[in-house]
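Take a look at the letters that make up each chain.
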Amino acid sequence: MKLRHVFAAALSTTALSSGLVSAQTVFTVSSWLPPTHTLSTVQKNWCDLLEKESTGRMKCNILPKGVVSAPGTFDAVRDGLADISYTVDGYTPGRFINTQVAEFPFLGDSATATSVAYQRIYSKHFAPLGEHRGVKVLGVFTHGPGIIFNSKKPVASAADAASLKFRIGGGNINELSKAMGWNTTLKAAPESFELMSTGVMDGTFFPDESIASFKLSMVKHATTVPGGLYNTSFVFMMNPGKYNALAPQDKAVVDKLSGEVAARMFGEGWDKVDAASRELQKTQGVARIMANPAFVKAVADKQDYLETKWAASAQVKGLKDPKMVLAEFRAEIGKVK
C-alpha cells in the first residue's frame, strides 16, 4: 500500500475513534398536499429549522408526492413508510375522540390562536391518554375558520344549505351536517376540484386558504360564521422508531421544535394564506355574506347536543371533565398572542 493511502486510512480511523465523524440522520418526509400548499411549505420550513438547529446532523428528504393518500398517512408514519408527515384526525371517523374538541364551531377567527391553544390543551389533557399512540407527536394544530363555499347561490339559512350538495372533511362537521339535515359527503381535500368541476358537488366546507390552494375558480358564494362553522384537528408526527434511535442531543433538538413551536408555525402559515386567498376571491367575484343570528342559533342548538355527546365519549376514553376541558380551550384561545 502506498504511503499516502496508509496515512489517509490512519486519519480516517483516528477520526472515527475520536468521534469527529458522525452519521447524519435523514428523515423521509411525505405530504399528501401539493408542494405549494401551506402545510407542505411549513413542513419544509420546520425541516430547514431542524437541520439548522442540529448544525446539519439531521436533515429531511422531502418526497415529491405522498407515500399514501391522506386517510392512510397516520398508519404510514406509524409503520415507517414515511418518517415525518401530518394528517387530519377526522379522515378516519371514530378513531380519535378527544381531538374533536378542536373541531367545534365558533372557536375563533385565527388559526394561530386556535393552534397554539389546542397544543396547550393537548399537552396537558390529551397526550397523557395516548390517543395518538403509535407515532411521536411533534405538534397539533388547526386551520382557519371553516366557511360554506359553493358555486350555485347565497346560503343565508340552514334551509339554503340543505338544498345543496357539499364535500366535507370529516370530524365534528360530519356529525353537525347530519344533525342539520345537510347533504354532505366525506372526501379528502385534494378531491374538491374534481368533485366541484364535474358537478358531483355544489360546494365544499373549507377555510379561506383552500379556494386558492385547490384552484376552485368555480366558487362564487361564501357564507362565514363568527368563529367559524367548524375547524379541523391536524396532527404533525414522526415515526417513533426513528425518534428513539436519535442521539440524546438530537432528541433534544426535535423536542425543542415540537409542541407550541410547531403549532405556531402551522397556524401562522395558515393565517397568512387565508388572508391572501380572501384577496384572490375578490378578483374571482366571490360574494361573501355573514350568517345571520337565526342561522347561527340553528347551528348552536344542534352543536349543544353534539358537545354533550362528545363529552360522554371522551369520558369513556379517560378524559376527566370534558366540558371543563372545552371551556378551558375556549378561554386559552383568547390568551394567545
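For the structure itself, look to the data block above.
Definitions and limits used
Residues numbered from 1 in each chain as written. Predicted model: local features only at pLDDT ≥ 70, side-chain atom pairs only at ≥ 80, totals over all residues. Heavy atoms only, no water. Helix = DSSP H or I, 4+ residues; strand = E, 2+ residues; numbered from the N terminus. Buried < 20%, exposed > 50% of the residue type's maximum accessible area, 1.4 Å probe, protein only. Polar contact = N/O pair within 3.5 Å; in protein donor to acceptor, adjacent residues only side chain to side chain. Core = buried A, V, L, I, M, F, W, Y, C linked by side-chain atoms within 4.5 Å. Contact = heavy atoms within 4.5 Å. Axes fitted to C-alpha atoms, helices over the stretch in contact; angles between N-to-C directions. Left-handed = near helix turned anticlockwise from the far one by under 90°. Nonpolar A, V, L, I, M, F, W, Y, C, P; charged D, E, K, R; others polar. Salt bridge = Lys/Arg side-chain N within 4 Å of Asp/Glu carboxyl O. 1 Å grid on protein atoms, 1.4 Å probe; cavity = no way out; pocket = protein on both sides within 12 Å on 5 of 7 lines; lining within 4 Å. Points joined across faces, edges and corners; volume = space filled by probe spheres on them.

1. Regarding the side chain of Thr92
Moving on, step 1. When you line up the elements, Thr92 lands in the loop between strand S3 (84-88) and helix H4 (111-126).
Moving on, step 2. Residue Thr92 is classed as buried on the basis of its relative accessible area of 18%.
Moving on, step 3. Only 3.4 Å separates the side chain of Thr92 from the backbone oxygen of Asp89, close enough to count as a polar contact.

2. Points about the nonpolar core
Moving on, step 1. Counting 43 residues, the largest nonpolar core has Phe27, Trp46, Leu50, Ile84 and Phe236 as the members making the most contacts within it.
Moving on, step 2. Of the residues forming this core, the biggest block, five residues, is contributed by helix H2 (residues 38-53).
Moving on, step 3. Look past the residues within four positions of Phe236 in its chain and what remains in contact with it is Gln43, Trp46, Ile84, Ser85, Tyr86, Lys136, Val137, Leu138, Gly139, Phe141, Ala262 and Phe266.
Moving on, step 4. Counting residues in each nonpolar core, the second largest holds 28 residues, with Phe104, Val116, Leu319 and Val336 among its members.

3. Description of the packing of H4 against helix H13 (residues 322-335)
To characterise two packed helices, one gives the angle between the axes of the helices and the distance between these axes.
Moving on, step 1. Where H4 contacts H13, the axes come no closer than 8 Å and their chain directions differ by 145 degrees. H4 and H13 meet at a crossing whose hand is right-handed. For the pair H4 and H13, the contacting residues are Ala113, Thr114, Ala117, Tyr118, Arg120, Ile121, Lys124, His125 and Phe126 in the first and Met324, Val325, Glu328, Phe329, Glu332 and Ile333 in the second.
Moving on, step 2. The residue makeup of the contact of H4 with H13, split by class, is nine nonpolar, two polar and four charged.

4. Remarks on the pattern of salt bridges
Moving on, step 1. A full pass over the atoms with the stated rule returns 18 salt bridges.
Moving on, step 2. For the salt bridge of Glu268 with Arg264, the shortest nitrogen-to-oxygen distance reads 3.7 Å. In this pair, Glu268 and Arg264 are both assigned in helix H11 (residues 260-284), four residues apart and thus about one turn of the helix distant.
Moving on, step 3. Take Glu268: its relative accessible area is 41%, and that puts it in the partly exposed class.

5. Examining empty space enclosed by the protein
Moving on, step 1. With the rule as written, the count across this model stands at two cavities of 30 Å³ or more.
Moving on, step 2. Approximately 150 Å³ is the volume found for the largest cavity.
Moving on, step 3. Every residue lining the largest cavity is counted, 19 residues in all, and those nearest its centre are Tyr91, His143, Ala189, Phe206 and Phe234.
Moving on, step 4. Contributions of two or more residues to the lining of the largest cavity are made by strand S8 (203-206) and helix H8 (209-213).
Moving on, step 5. The biggest single contributor to the lining of the second largest cavity is helix H3 (residues 73-78), with three residues.
Moving on, step 6. Its residues assigned to classes, the lining of the second largest cavity comprises six nonpolar, three polar and no charged.

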